[in-house]
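Secondary and tertiary structure notes
If you want the building blocks of each chain, they are given just below.
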Amino acid sequence: MKTEVATSDDSQEKLNRIRERFEATRERTELEALAFIEATKQFVSEWIEREIETTVHFPESAAFSENVEFGDREIGESNLYQKELPLKISDIVETHLNREEYWIHRNAFSQPDISRDYVEFKKEKIRKELTSSVRIILGCATETFWKPEAGEPENKGWVKERGKRKYVCFLRFSDEMTASLNLYFAMLEELFVLDYEMKQEILRIEGKKP
């Protein structure tokens, strides 16, 4: 009897340790998700500024037409350029990226296994969804200062998706975004393993696992 009680206590202690590691890792994973969102804000701001400059000096190479509204002053002195645009970009990025469906560490795990193929599938799915969302974010951000007039064609780099303008040309994340997302994926893999270990330990405690 004493042996059975000791074994049960040891198993519960082991389960508690795994849970603590899981929650600590989940917290670090959340911080990395937020870091990616902040890096995206910086990326979008720099992208918009670069495209505005290109429109002014090399309109034929810009991602959008010459119908850009940033005020009567020079770009660097524009109130939109200095104050309004960064705030609007922050709101747009938060709206489109800070969503539960993208950051699965926030939800209960229900994966059928932790095979390499399954983990890679989940990572690729997240990457595609985030990339699509960033393309729409660029479209929403340009609408802050680019208002095509009736009959004015959209630049070939844009399409409409679910009523939103979406950028469809080549897009590469910034180094900061890439590094943050890679760290997020590494932590997510660790969460998958810890979640699996917790479930296995629970089954053992309940006597459902030999």
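Residues numbered from 1 in each chain as written. Predicted model: local features only at pLDDT ≥ 70, side-chain atom pairs only at ≥ 80, totals over all residues. Heavy atoms only, no water.

1. As for the confidence of the model for the protein chain
What counts is decided by this rule: Note on scores: pLDDT gives the predictor's confidence for each residue, bounded by 0 and 100. Contacts are assigned to residue pairs with any non-hydrogen atoms lying within 4.5 Å of each other.
Counting all residues, the mean pLDDT for the protein chain is 80, and 72% of those residues have values of 70 or more. Every residue in residues 70-74 scores below 50 in pLDDT, and together they form seven contacts with partners more than four places removed in sequence or on other chains.

2. So, the pattern of salt bridges
What counts here: Take a side-chain nitrogen of Lys or Arg and a carboxyl oxygen of Asp or Glu: if they are within 4 Å of each other, that pair is a salt bridge. Only protein chains enter the accessibility calculation, which uses a 1.4 Å probe. A residue is then buried if its area is under 20% of the maximum for its type, exposed if over 50%, and partly exposed in between.
All told, the structure shown has 17 salt bridges when counted by the stated rule. For the salt bridge of Glu101 with Arg99, the shortest nitrogen-to-oxygen distance reads 4.0 Å. For Arg99, a relative accessible area of 29% translates into the label partly exposed. When salt bridges that share partners are traced, they join Lys14, Glu201 and Arg204 into one network.

3. Quick word on the pairing of strand 2 (residues 164-167)
Here is the rule we go by: Any two strands between which DSSP finds at least two bridges are classified as paired. Put simply, DSSP marks the helices as runs of H or I at least four residues long and the strands as runs of E at least two long, and each gets a number from the N terminus on.
By the bridge criterion, four bridges tie strand 1 (residues 158-161) to strand 2 in an arrangement that is antiparallel. Within strand 2, the position partnered with Trp158 by the bridge is Tyr167. In textbook terms, the turn of a hairpin is the stretch between consecutive antiparallel strands, and for strand 1 and strand 2 this stretch comprises two residues, one of which, Arg162, has a positive phi near 50°.

4. As for the nonpolar core
Which entries qualify depends on this criterion: By nonpolar core is meant a set of buried Ala, Val, Leu, Ile, Met, Phe, Trp, Tyr and Cys residues that side-chain atoms within 4.5 Å join together.
Of all hydrophobic cores here, the largest spans 43 residues; its most connected members are Phe36, Val44, Ile48, Leu97, Trp103, Leu130 and Leu188. Secondary-structure elements contributing two or more residues to this core are helix 1 (2-57), helix 2 (79-97), helix 3 (116-142) and helix 4 (175-205). It is helix 1 that contributes the most residues to this core, 12 residues altogether. In contact with Leu97, other than residues within four places in its own chain, are Phe36, Ile37, Thr40, Tyr102, Trp103, Leu130, Ser133 and Ile137.

5. Things to note about helix 4
Quick reminder: α-helices carry 3.6 residues per turn. Residues three or four places apart thus point the same way. This is how the line gets drawn: A helix is expected to span 1.5 Å for every residue after the first.
When the terminal C-alpha atoms of helix 4 are compared, their 45 Å separation across 31 residues agrees well with the 45 Å that a helix rising 1.5 Å per residue should span. Gly207, located one to two residues past helix 4, shows a positive phi value of around 75°.

6. A word on the packing of helix 3 against helix 4
The condition is simple: Each axis is a line fitted through C-alpha atoms, and for a helix only the stretch in contact is used; angles between axes span 0 to 180 degrees, taken between their N-to-C directions. The crossing is said to be left-handed when, going from far helix to near helix, the turn is anticlockwise and less than a right angle, and right-handed when the turn is clockwise. Just so you know the grouping, Ala, Val, Leu, Ile, Met, Phe, Trp, Tyr, Cys and Pro go in nonpolar, Asp, Glu, Lys and Arg go in charged, and all remaining residues, Gly too, go in polar.
Their axes nearest at 11 Å, the elements helix 3 and helix 4 cross at an angle of 145°. Two packed elements cross with a definite hand, and for helix 3 against helix 4 that hand is right-handed. Contact residues: helix 3 offers Arg116, Tyr118, Val119, Glu120, Lys122, Lys123, Ile126, Arg127, Leu130 and Val134, while helix 4 offers Met177, Leu181, Asn182, Phe185, Leu188, Glu189 and Phe192. Partitioning the contact of helix 3 with helix 4 into residue classes produces 10 nonpolar, one polar and six charged.

7. Quick notes on the packing of aromatic side chains
When we look at a pair of aromatic rings, we describe it by the centre distance and by the angle of the planes. Put simply, the rule is: Aromatic pairing here means that ring centres of Phe, Tyr or Trp (its six-membered ring) are within 6.5 Å. Orientation follows from the plane angle: under 30 degrees is stacked, over 60 is edge-to-face, and everything else is tilted.
Evaluation of the coordinates by the stated rule reveals six aromatic pairs. Between Trp103 and Tyr184, the aromatic rings sit 4.9 Å apart at their centres with planes inclined by 80°, giving edge-to-face as the arrangement. With Trp103 in the loop between helix 2 and helix 3 and Tyr184 in helix 4, the pair connects residues that are 81 residues apart, well separated along the chain. Residue classification places Tyr184 among the buried residues on the basis of a relative accessible area of 0%. Centre to centre, the rings of Tyr118 and Phe192 are 6.0 Å apart; their planes meet at 70°, and the pair counts as edge-to-face. Pair noted here: Tyr118 is in helix 3 and Phe192 is in helix 4, with a separation of 74 residues, a long-range link. Taking the relative accessible area as the measure of exposure, Tyr118 reaches 18% and is therefore buried. By the ring-pair criterion, three or more aromatic residues cluster together here, those being Phe36, Trp103, Phe173, Tyr184 and Phe185.

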